[in-house]
Every structure is written in structure tokens, then in C-alpha cells.
Amino acid sequence: MKQVFNFCAGPAMLPTQVREALRADLEAWQGLGRSVVEVSHRTPAYAALQARAEDNLRRLLGLDASYVILLLQGGASGQFAMLPYNFLREGAAADYVVQGYWGERAAQQAARVGRVRRLTDPGAWNSQALYAHVTTNETISGIALPETFEQPKIPLCADMSSDILAAPRDYSRYDLFYAGAQKNLGVAGLAVVAARKEFLSHARRNLPAAFCYLEHIRAGGLYHTPNAFAVDALVHLTDWLLEQTLEVVWARNARKAAKLYVALDASAFWRPLAPRERRSRTNVTFRLPTAALEAEFLAQAEQAGLVALKGHRAMGGVRASLYNAFPEAGVDALVAFMEAFERAHG
């Protein structure tokens, strides 16, 4: 097979060793003569798998025992609803920073529960709000939220689906944060939620159990039969991150993004969409001079093994997603293809 580089915004590329480990686990897992998806979540083998996932996440995120980690179904979209259902009261308010599509989606769900005050930038926080919410990276527009924003005096929550562990970050700033796993943490079907225990003490208890954080904690994270395959992928992916070391991953991520932005800034043929000071290092968005050229670019890129570069339907254009497991060689291949394409069509 020819080399294929998958620039999909999610599900994302996995490291080769993770794919191979998952393939093996689907044949026979832990010497049990069954695949990982055929073993009961009540067994010691699964309990050890989930404990390893949580331990790996604590090490990578730098979280101590004051935080609870939950592995929940529903992805980040489920957390758009679950967070306000647990913490927002009718008549009370929450601050939501909205800088793009996903921040707005999160705010819309919260508005079904209580009052939402939308902010275009973090800073002018309402001290009477029950919590503040930010989206650290907008995958569609390619806009990142700088980590230098003013800390609110109210609990701070975040959707980190597309840039969790992608660059240095102080996770202890956040009282609750969550991420869909399919970009930087494994495969779809799982949301990682980390929450400070003190913040959780204010969560509602009179909710249907499936949507109640406290009920999931009481059940040891096993209220649902868990997505064992996604948890297994999370373990292998976080093992890989620990082996690589975050410092190596972060440096590689910075190089990948820099190479692509340098190519985009080198010519007026390419039009980066995100403001220079807010550019994402995980989702690079740009346009070409005409829609016809964009269509030709995407078609030829696909033939060259550079796949899933089409921008989100809400914005169009081109989008290259460069998550933690995406290899630097893929960016080199894309830059070389862009240079050749511009020579032929510029």
C-alpha cells in the first residue's frame, strides 16, 4: 500500500504501534482467549485496564488526587449538555466564551438549562455566574485560545477536545475539562472528563443517573458498560505519549505547524483563515484563489495520499489537522505538494 497521511479533523491518525496493538487485542487480549471487546467490565482484567488509563492520564495531565477522572460515553457533545445539567440552575447564569462553531454549540446546550452570557473573549467575567466555559481550540476555523487569558474568580471549565496534551498547559487552572478521545487520545466513542472534587461537590444530585456526574463517580465510572475498545485505545495512545515524552511531542507539534504556516505565508496564492496571533497548531485552515482551484487541489491531494483535507462544511476551503500522532513526514509531504501545485496553477 502507498503511504497515506490522514489530515482528518477526527477521527485522527493513530501511531502505527497503537494500531498494531489494537489489532492484536482484537484477536486475543491478556491471554484470556477473547478480544478486549468480549471481556466483561466486571472482571479484574478490565478493572486493571481502566486503572491504567486513569493513571496514564494523571501523569500526562499533572493531576493530583484532588481531581476525579471519568471515562464517559457520548463524546464532547455529550458534555456540552452534561456540564450545565449538573451545575447550572434555572434562573442562574454561566459565562461562555464563543469564538467559533463549537463554543456556540456548547453555549446553546447550556441555554436550555439556564441563562448564558456569551463573551467574544475571556476576561470580563461575571462574578455571579456559576461557572465559566471556554473552548481552547476551534477545529473549524483554526483559532486557538491563548493560555494567557485572565483567570476568572468563578469555576473554570473547558472543552479541550482538539488540543489536549498538544502543547504545554497548566491543567490545574481548570475546575472541569473534557475532551472527545478521537483527536489526541484514541478513537471515537469516549469522552475523558477531569474535575476537581471540590467543584463536583456542588453538582446536582436530582438528575437521571446516566447524566449525573456524581452517579458515575459512585459507580466507579462503570454506570454504563464501558466502550472497552476505546478505553484500550486510550491506554495504548497514552502509553505512546509517555514513551515519546510530552516535551518531544510538543516540539514536534510546533515544528509541524510552523512548517505549514511558513508555506502558507510565503505566497499570496494561499490564504490562511485564522488571525496570525490566534492560529491553531492542531488545525490549520486556508483557502485558494478560487473554489475551482480548491476542488482541484483536494482531488489531486487525495490521489497523492494526502487525504481528508477538505474544510468543514460550515467554512469550506482546506483544513489540515496535525494532532499529536500525525507524523512530521506528512507535513513535509503536504508542503512539497503545495509547492508543486502552486507552480502548476499559480
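Up top is the structure.
Residues numbered from 1 in each chain as written. Predicted model: local features only at pLDDT ≥ 70, side-chain atom pairs only at ≥ 80, totals over all residues. Heavy atoms only, no water.

1. Description of the pattern of salt bridges
According to the stated counting rule, one finds 15 salt bridges in the structure shown. We note a salt bridge from arginine 173 to glutamate 147, for which the minimum N-O separation is 4.0 Å. A residue pair is termed long-range when its members are at least 10 positions apart, and arginine 173 in the loop between β8 (156-159) and β9 (176-180) and glutamate 147 in the loop between β7 (143-144) and β8 qualify at 26 residues. Classification of glutamate 147 as partly exposed rests on a relative accessible area of 25%. Note that aspartate 175 is salt-bridged to arginine 196, the shortest N-O span being 3.1 Å. Linking aspartate 175 in the loop between β8 and β9 with arginine 196 in strand β10 (residues 191-196), this pair joins segments that are 21 residues apart in sequence. A residue is classified by how much of its surface remains accessible, and aspartate 175, at 13% relative accessible area, is buried. Salt bridges linked by common partners bring Glu147, Asp163, Arg169 and Arg173 together as one network. (Salt bridge = Lys/Arg side-chain N within 4 Å of Asp/Glu carboxyl O. Helix = DSSP H or I, 4+ residues; strand = E, 2+ residues; numbered from the N terminus. Buried < 20%, exposed > 50% of the residue type's maximum accessible area, 1.4 Å probe, protein only.)

2. Observations regarding the packing of aromatic side chains
Note on aromatic pairs: each is described by the distance of the centres and the angle between the planes. In this structure the tally under the stated criterion is 18 aromatic pairs. Ring centres 5.3 Å apart and planes at 40° place the aromatic pair tyrosine 171 and phenylalanine 177 in the tilted group. In this structure, tyrosine 171 and phenylalanine 177 share a single accessibility class: buried. Taken together, the aromatic side chains of Phe269, Trp270, Phe286, Phe297, Phe337 and Phe341 make up a single cluster linked through ring pairs. (Phe/Tyr/Trp six-rings, centres within 6.5 Å; stacked < 30°, edge-to-face > 60°.)

3. Description of the sheet that holds strand β2 (residues 67-72)
The strands that make up a sheet pair up through hydrogen bonds in the backbone, lying either parallel or antiparallel. The strand order across the open sheet built from seven strands is β2-β10-β9-β8-β5-β3-β4, with neighbouring strands paired in mixed fashion. Looking along the sheet, the strands with just one partner apiece sit at the ends: β2 and β4 (115-119). If you compare each strand with its neighbour and ignore which way they point, the axes differ by 20° on average. Across the sheet, helix α3 (residues 75-87) lies against β2, β3 (93-97), β5 (132-135), β8, β9 and β10, angled at about 155° from β9, the strand it touches most. (Pairing = 2+ DSSP bridges. Axes fitted to C-alpha atoms, helices over the stretch in contact; angles between N-to-C directions. Contact = heavy atoms within 4.5 Å.)

4. Topic: the nonpolar core
With 54 residues, the main nonpolar core has Leu71, Val134, Ile164, Leu165, Phe177 and Leu185 as its most contacted residues. Looking at this core, the element that brings in the most residues is helix α7 (residues 228-244), giving nine residues. Ignoring anything within four residues of it in the chain, the contact list for phenylalanine 177 reads Leu61, Leu63, Ala158, Met160, Ile164, Tyr171, Val192, Val193 and Ala194. Within the second largest apolar cluster, 31 residues are counted, among which are Phe87, Ala107, Cys157 and Ala203. (Core = buried A, V, L, I, M, F, W, Y, C linked by side-chain atoms within 4.5 Å.)

5. With respect to the sheet that holds strand β12 (residues 283-287)
Taken together, the three strands give an open sheet; going across it, the order is β11-β12-β14, and neighbouring strands pair in antiparallel fashion. Among the strands making up the open sheet, the edge pair consists of β11 (271-272) and β14 (318-321). Relative to β14, β12 runs antiparallel, the two being bridged by four bridges. The residue bridging valine 284 from the neighbouring strand is alanine 320, located in β14.

6. Quick notes on the side chain of threonine 139
As for its position among the elements, threonine 139 is in the loop between β6 (137-138) and β7. At a separation of 3.0 Å, a polar atom in the side chain of threonine 139 contacts the side chain of tryptophan 102. Ignoring any residue separated from it by four or fewer positions in sequence, one finds threonine 139 in contact with Trp102, Ser162, Lys183, Asn283, Thr285, Arg319 and Tyr323. (Polar contact = N/O pair within 3.5 Å; in protein donor to acceptor, adjacent residues only side chain to side chain.)

7. Observations concerning the environment of alanine 274
For alanine 274, the position within the fold is in the loop between β11 and β12. In this structure, the C-alpha to C-alpha distance between alanine 274 and serine 141, residues 133 residues apart in sequence, is 6.5 Å. Apart from residues lying up to four places away in sequence, alanine 274 is in contact with Ser141, Gly142, Ile143, Arg279 and Thr285.

8. Looking at the packing of helix α2 (residues 44-61) against α7
Two elements in contact, α2 and α7, have axes whose closest approach is 9 Å; the angle formed by their N-to-C orientations is 40°. As far as their axial angle goes, α7 and α2 are oblique. The interaxial crossing formed by α2 with α7 has left-handed handedness. Seen from α2, the contacting residues are Tyr46, Leu49, Gln50, Arg52, Ala53, Asn56, Leu57, Arg59 and Leu60; seen from α7, they are Ala228, Val231, Asp232, Leu234, Val235, Thr238, Asp239, Leu241 and Leu242. (Parallel < 35°, antiparallel > 145°, perpendicular 65-115°, else oblique. Left-handed = near helix turned anticlockwise from the far one by under 90°.)

9. A short note on the packing of helix α9 (residues 291-303) against helix α10 (residues 328-345)
Where α9 contacts α10, the two axes come as close as 11 Å, and the packing angle between them is 135°. Judged on the interaxial angle alone, α10 and α9 are oblique. Judged by the sense of rotation from one axis to the other, the crossing of α9 with α10 is right-handed. Across the interface between the two elements, Leu293, Glu296, Phe297, Gln300 and Ala301 of α9 pack against Leu334, Phe337, Met338, Phe341 and His345 of α10.

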